[in-house]
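# Structural overview for review
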Amino acid sequence: MLDVHDHRSLGQRLDLFHLQEEAPGMVFWHPRGYQLYQLIEERVRRRMRHEGYLEVRTPQLLAQPLWEKSGHWDNFRQNMFSLAEEGERHHALKPVNCPGHIQLVQRMGPSYRDLPLRLGEFGLVHRSEPSGSLHGLFRLRQFTQDDGHIFCAEEQLSDEVFAFCRSLHAFYAAFGFEHIQVAFSSRPAQRAGSDAVWDRAEALLSEAAARAGLDCRPQPGEGAFYGPKLEFVLKDRLGRDWQCGTIQLDLVLPERFDLSYVDASGQKRRPMMLHRAMLGSLERFIGILLEHHEGALPAWLAPRQVVVAPLGEGQVVDAERFAARLRAADCRVAVDARAESLSRKIVDAHQDGVPWLVVVGRREVEKNAVSLRRRDGTQAALSQDDAVARLVAECQPASAV
């Protein structure tokens, strides 16, 4: 039996998602759960726009030669779903988005004026995980990465790493995570690229991390097969560590794909490539988020932010009018017009993780007022205008990107 604070239990109680044997390691998102998913996606998309990323979409299925060229066929094949056509030609569902982004850059043929070139994608990826390793939203075979790749000149590298790192604290704080640690993951035993390439990549990323003021814990051998990385680890309210954000320096794939840009003198030069993500897997981050908040998500993230509860049939119309005012201000609101007691409606709203309950009774209607009840049980009687202003302010996300 699952613990009540396990994200799988919370997903059922809050009616967010389910998993079933017919689609192992893949998620069925319910309407409320997909709304939560989209809220997080939009938060990331807002950050991407702010930082100058161009959002793209790349194919799910790519031919074997492309995966051979990237090195994934040799270094990551055991985690890939491959499909065979007649003869020897194979395709594979993408486990990562980077080869697709490289194809776009090759078509763009950038000059130095186009750099840094930042591409972002909410990339749906598939990985062939053993059935015994699957674990709710934490370990899936199909998930979405908030993936981004930066193609830049060497002299731009430090600025790009610095820009990524500097506002991560505010980004994570909006989700309720205040404690962040950073790890530096260096070359693994199985890797692509020469020792000289790795020496250079590790030195450049280490210098950029120092400039960003990061105190990095070393993780020898934990880098990607194509380059070293910085990993951002969040601590939840139970003291558990979760690796989420990452930025990786790659000098290998630009070489393998013969990427180039034209510099100011008209000469071809090799760009550097940074792989970056703030959440990693959106699904996994939702699981972390649910357990961190024990299902009581911050108001701006709650799929249903407000429930308006009329005390009797005579107040249903007034409750609907008040709810309409909140909807017009982009609050996510429902009216609980069931013939149930107020205590029952309070319990049900709490079970649904709703941050605010608005009570509309005969006395409230006579005074053009409502009674507000927070999820923590605190209450306040306000005029309808003041209540709308307060709820709208409470339900909006923080302004920080």
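Here the structure is a predicted model, which is why all the values come from computation and not from measurement. (Residues numbered from 1 in each chain as written. Predicted model: local features only at pLDDT ≥ 70, side-chain atom pairs only at ≥ 80, totals over all residues. Heavy atoms only, no water.)

What follows concerns the sheet that holds strand 11 (residues 229-235). Spatially, 3-7-8-15-12-11-9-10 is the arrangement adopted by the 8 strands of the open sheet, whose pairing is mixed. Looking at which strands have only one partner, the edges of the open sheet turn out to be strand 3 (54-55) and strand 10 (216-219). As judged from the 7 bridges shared by strand 11 and strand 12 (residues 241-250), these two strands associate in the antiparallel manner. The residue of strand 12 that forms the bridge with Leu230 is Ile247. Set on the sheet, helix 2 (residues 31-50) makes contact with strand 3, strand 7 (117-126), strand 8 (142-152) and strand 15 (272-281); between it and strand 7 the angle comes to about 160°. Most of the contacts of helix 10 (residues 282-293) go to strand 15, to which it runs at about 40°, and overall it touches strand 7, strand 8, strand 11, strand 12 and strand 15. (Pairing = 2+ DSSP bridges. Helix = DSSP H or I, 4+ residues; strand = E, 2+ residues; numbered from the N terminus. Contact = heavy atoms within 4.5 Å. Axes fitted to C-alpha atoms, helices over the stretch in contact; angles between N-to-C directions.)

Along the chain, the position of Gln384 falls in helix 14 (residues 384-395). With a relative accessible area of 14%, Gln384 lands in the buried category. Setting aside residues up to four positions removed in sequence, Gln384 forms contacts with Phe322, Arg325, Asn368, Ala369 and Val370. (Buried < 20%, exposed > 50% of the residue type's maximum accessible area, 1.4 Å probe, protein only.)

The next thing to look at is empty space enclosed by the protein. The full count for this structure, using the stated rule, is 1 cavity of 30 Å³ or more. Size it by volume and the largest cavity reaches roughly 90 Å³. Taken together, Leu14, Leu16, Arg32, Gly295, Leu297, Ala302, Pro303, Arg304, Asp352 and Gly353 make up the lining of the largest cavity. Considering only residue class, the lining of the largest cavity consists of 5 nonpolar, 2 polar and 3 charged. (1 Å grid on protein atoms, 1.4 Å probe; cavity = no way out; pocket = protein on both sides within 12 Å on 5 of 7 lines; lining within 4 Å. Points joined across faces, edges and corners; volume = space filled by probe spheres on them. Nonpolar A, V, L, I, M, F, W, Y, C, P; charged D, E, K, R; others polar.)

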